[in-house]
Amino acid sequence: MANISYNVTRWDVSCESSSGKVCSVVLGITAEDSESRKSAYKDERISVPCQDLEEFEAGAEAFIEGVLGSQGWYLELQTRIANQMTAPVAAPEDRTKPDFASMTIGDGYQDLPSEEASEEESSEEEESSEEEAPAEGESSEGESSSEGE
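Read on for a plain summary of the structure. It should be emphasised that the depicted structure is a prediction, and the values quoted were computed from it without experimental measurement.

1. Quick notes on the sheet that holds strand β2 (residues 22–33)
Taking strand neighbours across the sheet as the criterion, the three strands line up as β1-β2-β3 in an open arrangement whose pairing is antiparallel. Unpaired on one side and paired on the other, β1 (4–15) and β3 (39–51) mark the two borders of the sheet. For this sheet, the mean inter-axis angle between neighbouring strands, taken without regard to orientation, is 20°. By the bridge criterion, 10 bridges tie β2 to β3 in an arrangement that is antiparallel. Looking across to β3, one finds that Leu27 is bridged to Glu44.

Here it is as structure tokens:
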């Protein structure tokens, strides 16, 4: 990364209707790498102690620097840009692609299973499940519940 610049791209201040004092702000920052031209954006609503609008906006630069530094925005935006630079990209469209039409794919898997084979499998499954399930009035060990008395 060459040189990342940070720009405020969203600044939506909300004031209390009764006093007109600032209660929150939506801060949006766009970071851009000057060399790669990759960019990243983050925004968040941030609650602020109630204060006069003019006073709040007069200290906007210090407020923004504090948010970006203390809440990890610089690192997060830099990481997003770095991840974009190392992300896979699509292969060139002008390359020679494999001739899929001449390939034989799926040999041995062209026919659906026969109905007879399906019926045999289902009857075998029914027989095995009947053998495993204990008959009514029997415990799981196969003993009658009245035996042993």
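Picking up after the structure, the text goes on.
2. Describing helix α2 (residues 60–70)
Within the span of α2, buried status applies to Ala60, Phe63, Ile64, Val67 and Leu68. Buried residues in α2, looked at end-on, bunch into an arc of 125°, giving them a common side. The exposed residues of α2 that point more than 90 degrees off its buried face are Glu61, Ala62 and Ser70. Where α2 is buried, its residues touch β1, β2, β3, α1 (53–58) and α3 (73–86). Immediately beyond the C-terminal end of α2, within one or two residues, lies Gly72, with a positive phi of roughly 75°.

3. Quick notes on the pairing of β1
Alignment of β1 against β2, held across 11 bridges, turns out to be antiparallel. Paired with Tyr6 across the two strands is Ala31, which belongs to β2.

4. Details of α3
Helix length check: α3, at 14 residues, gives a terminal C-alpha distance of 20 Å against a target of 20 Å (1.5 Å per residue), a fit within 8%. For α3, every residue scored as buried is listed here: Trp73, Leu77 and Ile81. Seen from one end, α3 has its buried residues packed into an arc of 65°, which puts them on one side. Opposite the buried face of α3, at more than 90 degrees from it, the exposed residues are Leu75 and Thr86.

5. A short note on a negative patch on the surface
The grouping of Asp52, Glu54, Glu55 and Glu57 at the surface amounts to a negative patch. Tracing the chain through its elements places Glu54 in helix α1.

6. Structural notes on unusual backbone geometry
We note that Arg37 has phi near 65°; this positive angle belongs to a residue other than glycine. Here Arg37 lies in the loop between β2 and β3. Arg37 sits in the exposed class, given a relative accessible area of 53%.

7. Points about the packing of aromatic side chains
What the rule picks out here adds up to four aromatic pairs. Relative to Phe63, the ring of Trp11 lies with its centre 6.3 Å away and its plane at 75°, an arrangement referred to as edge-to-face. Highlighted residues: Trp11 in strand β1 and Phe63 in helix α2, separated in sequence by 52 residues. With 5.2 Å between their ring centres and 65° between their planes, Phe56 and Phe63 make a pair best called edge-to-face.

8. Digging into the state of the cysteines
This structure, assessed with the given rule, holds zero disulfides. Of the cysteine sulfurs around Cys15, a residue in no disulfide, the closest is that of Cys23, at 6.7 Å. Assessed through its relative accessible area of 35%, Cys15 is described here as partly exposed. In this structure Cys23 is a free cysteine whose sulfur lies 6.2 Å from that of Cys50, the closest cysteine sulfur available. On the basis of relative accessibility, which here comes to 26%, the residue Cys23 falls in the partly exposed class.

Basis of the calculations
- Residues numbered from 1 in each chain as written.
- Predicted model: local features only at pLDDT ≥ 70, side-chain atom pairs only at ≥ 80, totals over all residues.
- Heavy atoms only, no water.
- Pairing = 2+ DSSP bridges.
- Helix = DSSP H or I, 4+ residues; strand = E, 2+ residues; numbered from the N terminus.
- Axes fitted to C-alpha atoms, helices over the stretch in contact; angles between N-to-C directions.
- Buried < 20%, exposed > 50% of the residue type's maximum accessible area, 1.4 Å probe, protein only.
- Arc of directions from axis to C-beta.
- Contact = heavy atoms within 4.5 Å.
- Expected span 1.5 Å × (residues − 1).
- Patch = residues over 30% accessible without salt bridge, like charges linked within 9 Å, V, L, I, M, F, W, Y side chains within 5 Å.
- Areas by Shrake-Rupley, 256 points an atom, 1.4 Å probe, with all protein chains shown as cover.
- Salt bridge = Lys/Arg side-chain N within 4 Å of Asp/Glu carboxyl O.
- Lys, Arg positive; Asp, Glu negative; His and termini not counted.
- Charge placed at Lys NZ, Arg CZ, Asp CG, Glu CD.
- Phe/Tyr/Trp six-rings, centres within 6.5 Å; stacked < 30°, edge-to-face > 60°.
- Disulfide = S-S within 2.5 Å.

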